[in-house]
Amino acid sequence: MNRSILVALPLVLMLAPAIASAQDGDPPELCPDRPGKASPTCVVAPGNFQVETSIADWSHDHQAGETEDMILFGDSLLRYGVADRVEVRVAVTPYIHDRTRSDGAVSVADGFGDVGLSARYLAIDGSESGPSLALMPGVTLPLGAHDVSQGTWSASLFTPVDLPLSDGWSLAATPGVFARADEDGDGRHFAYSGAGAVSKDVGGGVTLTGELWAMRDEDPAGHVTQGSLDLLGAWQSDADTQFDLSSYIGLTRDTPDIEILGGFTRRFR
């Protein structure tokens, strides 16, 4: 069995009792990270377990005579509330398929992805009337298949900010800094990013979002600037379930031309 699965499976089994438990009373509002790149500030309620999964995530990029298509299957975030303002998180990608065509030659890299561990702390809770701020440190462990692993650990710190507005509108921003793995898998370098989103609750459980995202990566092998315009839609079908569909449109040469993904969120109480 892949060693990444051996690492992730015990964590899931540790959380299994929460899946089987139920809580009395009205549930707290569902708090999905999906869709989009701007993270919310809310946390999963204590004792609740939440699964957020991309059924499929496809990206396409063409430049300088090279075409790359990447598909992520089952890209998932597992979240568990451990206190009123704290949750722990595990990110796993069961299968990555990366196909590149260049000058008539085709190369393929595939396998289980690296494993991410993180936590979110709600530092300022503005509830439904004021700004909220969270801290979200994380680390990615190089436990994936050789062809798709980053080769060494990396770390990140995000500080999501939410601001509810009137008439179902809301704003969100998520700046982040990274110690990212070098392209050659030997060492780390600095990178930083920012995502800003405006959302509208249009009724019937449907929320529409427009988002801008940018990242500057200072890899010694070559600095990269990425940016995208993201169009997102989500439908909350019941108190514990949401479905979503997203498209990311690349705005710079270093960004995939298009990325389309869809998935769901399910909470267990």
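Remember, it's a predicted structure, so these values are computed and weren't measured experimentally.

K.L.:
So what's going on with the nonpolar core? Which residues, and what values?
P.N.:
If you look at the biggest cluster of nonpolar residues, it comprises 10 residues: A38, M136, F158, A172, F178, A191, A195, A197, W213 and M215. Per element, the largest residue contribution to this core is 3 residues, and it comes from strand 12 (residues 188-203). In contact with F158, other than residues within four places in its own chain, are A134, L135, M136, T174, P175, G176, F178 and S193. Core analysis: the next-biggest nonpolar cluster, separate from the first, contains 8 residues, F49, V90, V92 and F112 among them.

K.L.:
Talk me through the pairing of strand 13 (residues 206-217); I want residue IDs and the actual numbers.
P.N.:
Regular strands place side chains that alternate from one sheet face to the opposite one. Here 12 bridges tie strand 12 to strand 13, and the two strands are oriented antiparallel to one another. Note that in strand 13 the partner of G203 across the bridge is V206. From the end of strand 12 to the start of strand 13, which pair antiparallel, there are 2 residues, and G204 there has a positive phi angle of about 65°. Bridge count between strand 13 and strand 14 (residues 224-238): 12 bridges; the pairing is antiparallel. Its bridge partner being in strand 14, E211 is matched across the sheet by D230. From the end of strand 13 to the start of strand 14, which pair antiparallel, there are 6 residues, and G222 there has a positive phi angle of about 155°.

Reading the values: rules and limits
Residues numbered from 1 in each chain as written. Predicted model: local features only at pLDDT ≥ 70, side-chain atom pairs only at ≥ 80, totals over all residues. Heavy atoms only, no water. Core = buried A, V, L, I, M, F, W, Y, C linked by side-chain atoms within 4.5 Å. Buried < 20%, exposed > 50% of the residue type's maximum accessible area, 1.4 Å probe, protein only. Helix = DSSP H or I, 4+ residues; strand = E, 2+ residues; numbered from the N terminus. Contact = heavy atoms within 4.5 Å. Pairing = 2+ DSSP bridges.

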